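# Analysis of the macromolecular model
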Number of protein chains: 2
Amino acid sequence: MLTKSQYAEARKRAIALYETAGIILTKREKEAIEVADFGLGDLQKIGLEVLVYMNTSRVCAKELAMFPEQTCPEHFHPGKGGTPGKEETFRCRWGRVFLYVPGQRSAPRMGGLEAYAKHLTATHEIVLEPGEQYTLLPDTLHWFRAGTEGAVVSEFSTTSTDDADVFTDPRIGRFTKIAES
Amino acid sequence: MLTKSQYAEARKRAIALYETAGIILTKREKEAIEVADFGLGDLQKIGLEVLVYMNTSRVCAKELAMFPEQTCPEHFHPGKGGTPGKEETFRCRWGRVFLYVPGQRSAPRMGGLEAYAKHLTATHEIVLEPGEQYTLLPDTLHWFRAGTEGAVVSEFSTTSTDDADVFTDPRIGRFTKIAES
């Protein structure tokens, strides 16, 4: 859960990250940035700031902003009714991103994530510098963390159905609750 | 047809446009930029500089660079075998783009395009400034022209099958021929 002022402050920081990355947004888009704390209420560590450019029945494009060392927790996008799950490509635009998928063990950057480590099981690290990208096929478990400056990442994908995401950590809820006070 | 040096020069100009727009590309991507003259050999007027970020069986993302007042000629993306044609979203990142689709008549910017006007039939103008975007559904006839400074445009779409594009101008061939000399 986030307070209204925490939500507004996070959105403001996301807008600053997009500006630093040279990405131009409309006023309406800035007001539509979603701040996701995944229900854990520990946004600086576990969270993601998301702007959905478009999401049709076939294609989706988003711009993701991440605070320094912020982590998007482990999940995958399952298929449904014969349709394969979401396929997504992450393209780093600014900063640096450490993406983890199943495979050969690397040395995941877990500093500060001790409380969540049990649910960050994919250990093969892919480092994305600006201009670098990686395509995740459906059903691929993944989590990712920004470098020390934060990151801005473009996502190109099939239709996004966030409510279908399956997270490793059972405490997670995809949609942020905002406290009334 | 373009000579090798015309092709290289156009690629260099496209790279400069991407840099002006703050878009970071890898060395390999810079070398993969496609210069399309659509077989008309009049690149400054009719052409498009295309970088394909990724193109899978479901999703495609491209970055388009356009020289000042350069026009991508009118075409549509037909369906095939029960699959709907390509759906694409254009998002202006830098400069300005004038996109034309069927609909209420506007005043298309035809200056300098007299030789091609007969094959630019869609007359409803959509102006895209940086941060603005427009989604074209399959089978929608369209053409677009950069403003006086040129433009950089992100394209988010379903799979791209350029060889299936249907152009209004029968003289057009989608793939650029390069002169050996």
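What comes next concerns the included structure. (Residues numbered from 1 in each chain as written. Chains lettered and ligands numbered in written order. Predicted model: local features only at pLDDT ≥ 70, side-chain atom pairs only at ≥ 80, totals over all residues. Heavy atoms only, no water.)

## Concerning the overall build of chain A
Just so we agree on the cut-off: Each helix corresponds to a stretch of at least 4 residues labelled H or I by DSSP, and each strand to a stretch of at least 2 residues labelled E; elements are numbered beginning at the N terminus. Throughout, the radius of gyration refers to the C-alpha atoms, and the reference size of a globule is 2.2 Å times the residue count to the power 0.38. Contact between two residues is taken to exist if any of their heavy atoms lie within 4.5 Å; hydrogens are not considered. Using a 1.4 Å probe, accessible areas were evaluated by the Shrake-Rupley method; residue-level cover was limited to the displayed protein chains. Counted charges follow a simple rule, with Lys and Arg positive, Asp and Glu negative, and His plus the chain ends left uncounted. To locate a charge, the coordinates of NZ of Lys, CZ of Arg, CG of Asp or CD of Glu are taken.
Helix and strand counts for chain A stand at two helices and eleven strands. Ordered by position in the sequence, the α and β elements of chain A form the string β-α-α-β-β-β-β-β-β-β-β-β-β. Its C-alpha atoms give chain A a radius of gyration of 15 Å, near enough to 16 Å, the size a compact globule of 181 residues would have. Across its three principal axes, chain A shows a C-alpha extent of roughly 40 × 40 × 35 Å. For chain A, contacts bridging at least 24 residues in sequence account for 75% of all contacts bridging at least 6. When the accessible surface of chain A is totalled, it reaches about 8000 Å², and 53% of it is carbon and sulfur. Positive and negative side-chain charges of chain A, numbering 22 and 25 respectively, have mean locations separated by a distance of 2 Å.

## Here we look at the pattern of salt bridges
Where we set the bar: Salt bridges are identified by distance alone: a Lys or Arg side-chain nitrogen within 4 Å of an Asp or Glu carboxyl oxygen. Burial classes follow relative accessibility: with a 1.4 Å probe on protein chains only, a residue under 20% of its type's maximum area counts as buried, one over 50% as exposed, and anything between as partly exposed.
Evaluated as defined, the whole model comprises 20 salt bridges over all chains. Across the salt bridge formed by Arg109 of chain A and Glu125 of chain A, the nearest N and O atoms sit 2.8 Å from each other. Of the two residues, Arg109 of chain A is situated in the loop between strand E6 (88-101) and strand E7 (124-128) and Glu125 of chain A in strand E7; the sequence distance between them amounts to 16 residues. Overall, the relative accessible area of 39% leaves Arg109 of chain A in the partly exposed class. The closest approach of N and O atoms between Glu129 of chain B and Arg96 of chain B, which form a salt bridge, is 3.1 Å. With Glu129 of chain B in the loop between strand E7 (124-128) and strand E8 (133-136) and Arg96 of chain B in strand E6 (residues 88-101), this pair connects stretches of sequence that are 33 residues apart. Overall, Glu129 of chain B belongs to the partly exposed group, its relative accessible area being 28%.

## Here we look at the nonpolar core
What counts, and what does not: The definition of a nonpolar core used throughout is a set of buried Ala, Val, Leu, Ile, Met, Phe, Trp, Tyr and Cys residues joined through side-chain atoms within 4.5 Å.
The biggest cluster of nonpolar side chains holds 45 residues, and the ones touching the most others in it are Tyr18 and Tyr53 of chain A together with Tyr18 and Tyr53 of chain B. Among the secondary structure elements, those contributing two or more residues to this core are helix H1 (4-20), strand E3 (48-55), strand E4 (60-66) and strand E9 (142-157) of chain A together with helix H1 (4-20), strand E3 (48-55), strand E4 (60-66) and strand E9 (142-157) of chain B. With sequence-adjacent residues up to four places away left out, Tyr53 of chain B is seen in contact with Arg91, Arg93, Gln133 and Phe156 of chain A together with Ile23, Leu25, Glu29, Ala61, Lys62 and Glu63 of chain B.

## Describing the pairing of E4 of chain A
All names here are of chain A. What counts here: Only strands joined by at least two bridges in the DSSP assignment are considered to pair.
By the criterion of burial, E4 is predominantly enclosed, with seven of the seven residues buried. A two-sided burial pattern is seen for E4, the buried positions comprising Cys60, Lys62, Leu64 and Met66 on one face and Ala61, Glu63 and Ala65 on the other. Here E3 pairs with E4 via six bridges, running antiparallel. Each residue of the ladder has a partner; that of Val50, found in E4, is Leu64. Two successive antiparallel strands, E3 and E4, enclose a turn made up of four residues. Relative to E9, E4 runs antiparallel, the two being bridged by seven bridges. Each residue of the ladder has a partner; that of Cys60, found in E9, is Ser157.

## Re the side chain of Lys62 of chain B
Residues and elements named next belong to chain B. Here is the rule: In protein, a polar contact means a hydrogen-donor-capable atom and an acceptor-capable atom, both N or O and within 3.5 Å, with residues adjacent in sequence counting only if both atoms are side-chain atoms; elsewhere, any N or O pair within 3.5 Å suffices.
Looking at where Lys62 falls in the secondary structure, it is placed in strand E4. Polar contacts involving the side chain of Lys62 include one to the side chain of Asp162, which spans 3.3 Å. In contact with Lys62, other than residues within four places in its own chain, are Val50, Leu51, Val52, Tyr53, Lys86, Val153, Ser154, Glu155, Ser160 and Asp162.

## A closer look at the interface of chain B and chain A
Note the following rule: Here the buried area means the combined drop in accessible surface, using a 1.4 Å probe, for two parts upon being joined, counting both sides.
Listed by partner, the interface residues are 30 residues for chain B and 30 residues for chain A. For the pair chain B and chain A, the summed buried surface comes to about 2200 Å²; carbon and sulfur atoms form 52% of the total. Broken down residue by residue, the surface that chain B buries against chain A is led by Arg58, Arg93 and Phe156 of chain B, which jointly contribute 26%. In this structure, Glu29 of chain A engages Arg91 of chain B in a salt bridge whose closest nitrogen and oxygen atoms are separated by 2.7 Å. The interface formed by chain B and chain A contains 16 residue pairs in polar contact (both at pLDDT 80 or more). Counting residues per element, the ones that place at least two in the side of chain B that touches chain A are E3, E4, E6 and E9 of chain B. Per element, the largest residue contribution to the side of chain B that touches chain A is three residues, and it comes from E6 of chain B.

## What about unusual backbone geometry?
All names here are of chain A. Phi angles above zero are rare outside glycine, and Asp139 is one such case at about 70°. You can see Asp139 is positioned in the loop between strand E8 (133-136) and E9. Relative accessible area serves as the criterion here: at 49%, Asp139 is assigned to the partly exposed category.

## Examining H1 of chain B
Residue and element names in this part refer to chain B. Just so we agree on the cut-off: Expected span of a helix: the number of residues minus one, times 1.5 Å. This arc describes the spread of directions from the helix axis toward the C-beta atoms.
Over its 17 residues, H1 runs 25 Å from end to end, which matches the ideal 24 Å to within 8%, given 1.5 Å per residue. Within H1, the full set of buried residues consists of Tyr7, Ala10, Ala14, Ile15, Leu17 and Tyr18. Here the buried residues of H1 occupy an arc of 160° about the axis, which is enough to place them on one side. Facing away from the buried side of H1 by over 90 degrees, the exposed positions are Ser5, Lys12 and Glu19. Of the residues one or two after H1, Gly22 is the one with positive phi, at around 75°.

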